[in-house]
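# Structural characterization, general
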Amino acid sequence: MTPSQTTKPTSILLAATTGGHLTEGLKLFAGLPGTQLTVLSENSTRTQSMDNAHSYPKFLTGSIGGLIGGFFKGLHVIIKQRPDWVVSTGAEVGIGALIAAKLLGARTLFVETACRVRSKSKSAKVLYPLVDVFLVQHEEGLALFGGKTRHIGGLF
Amino acid sequence: MIFVATGHCLPFDRLIKRVDELAIQLDEPVVQQTGEGSPAVNCKSFAYDSSLLSHFQDARLVISHAGVGTTLELLEMGKPVILVPRQRQFAEHYDDHQVETAQKMHERFGLKYVLNVSELTVDLLTDYSYVAPWTDEPLDRFRREVISILRT
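Below, the structure is looked at part by part. Values in this document were obtained by computation on a predicted structure and should not be read as measured data.

Reading the values: rules and limits
- Residues numbered from 1 in each chain as written.
- Chains lettered and ligands numbered in written order.
- Predicted model: local features only at pLDDT ≥ 70, side-chain atom pairs only at ≥ 80, totals over all residues.
- Heavy atoms only, no water.
- Helix = DSSP H or I, 4+ residues; strand = E, 2+ residues; numbered from the N terminus.
- Buried < 20%, exposed > 50% of the residue type's maximum accessible area, 1.4 Å probe, protein only.
- Contact = heavy atoms within 4.5 Å.
- Pairing = 2+ DSSP bridges.
- Axes fitted to C-alpha atoms, helices over the stretch in contact; angles between N-to-C directions.
- Parallel < 35°, antiparallel > 145°, perpendicular 65-115°, else oblique.
- Nonpolar A, V, L, I, M, F, W, Y, C, P; charged D, E, K, R; others polar.

## Focus on the side chain of Q33 of chain B
Residue and element names in this part refer to chain B. Residue placement: Q33 occurs in strand 2 (residues 30-33). You can call Q33 buried: its relative accessible area is 2%. Setting aside residues no more than four positions away along its own chain, Q33 makes contact with F3, V4, A5, T6, G7, F46, A47, Y48 and L52.

## A look at the sheet that holds strand 1 (residues 10-16) of chain A
All names here are of chain A. The sheet built from seven strands is open, its strands ordered 3-2-1-4-5-6-7 with parallel pairing. Strand pairing shows two members of the sheet lacking a second neighbour, strand 3 (53-56) and strand 7 (149-151), which therefore form its edges. Taken pair by pair, the neighbouring strands of this sheet meet at an average axis angle of 25 degrees, ignoring direction. The pairing of strand 1 with strand 4 (residues 85-90) spans five bridges and is parallel. Across the sheet, the residue bridging to A16 is G90, located in strand 4. Against the sheet, helix 5 (residues 92-103) makes contact with strand 1, strand 2 (35-42), strand 3, strand 4 and strand 5 (107-111), and its axis sits at roughly 155 degrees relative to strand 4, the strand it touches most.

## Some thoughts on the packing of helix 2 (residues 20-29) of chain A against helix 6 (residues 137-150) of chain B
It is at 9 Å that the axes of helix 2 of chain A and helix 6 of chain B come closest, and there the two elements cross at 75 degrees. Overall, the two elements helix 2 of chain A and helix 6 of chain B adopt an arrangement that is roughly perpendicular. On helix 6 of chain B, the residues that touch L26, K27, L28 and F29 of chain A of helix 2 of chain A are L139, F142, R143, V146 and L150 of chain B. Of the residues that constitute the contact of helix 2 of chain A with helix 6 of chain B, the class distribution is seven nonpolar, no polar and two charged.

What follows is the structure, given as structure tokens:
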């Protein structure tokens, strides 16, 4: 075999709250060449139809359920699969999973949602100090956060 | 057909009611996806569907909340769209990020947005046909560059 055929795909766990955040995450990360993606989110028609999704029931309304579920389910999936990267586009599911990832020593990447142009999401405020790579989808975002912020394009 | 997409989470009755008032004066069908809002009276409406794509495809014009996922679908489809961002002052969302999104879409793609639903008129809805010039370049760039980050 040639070296390229023996290269192991980069494994990515995408953790995102169901709905728009998951839609963004899939647009940005699904099907990247040389990578293998699994998804962590809450139960929904979409996640339950995906082969590569780990999902859990929404057991509390509001943000707390997403955060707790993302954290504990994130711990479980990260310990079991040992992904090369844990990435997120928010919201609370992503916060919980990225905190779990940091505790377990996994590499972490957060992308601020494309709907935030000149303001910060709650996820971004919490995760900026924690993650290894912090990306914004609009150039205006570079002025909102600190020096490790990068802009490499995005949905729009 | 004119289709209205209000998304989910909180009611968006301000938009639903305004389009409902206009529906009886328009010369084409109007269909509204009302989510958590009140049903329409003067036109067909439904709360949710598993996907809105077929409704978007059938519509001549879409009037939509300024959610990122919906806006992206409509831009990719090349559909005329007027954005009506949900606003915190009317208890339609927890903050005004949809206003930011709509402003950015206007700057970037020339998409029309209205903050006051009284700007939606029979003449506007009848005549509006602008299609934004969509490009995949920012997304292609992100996907190219994020691979090099992830593979370090």
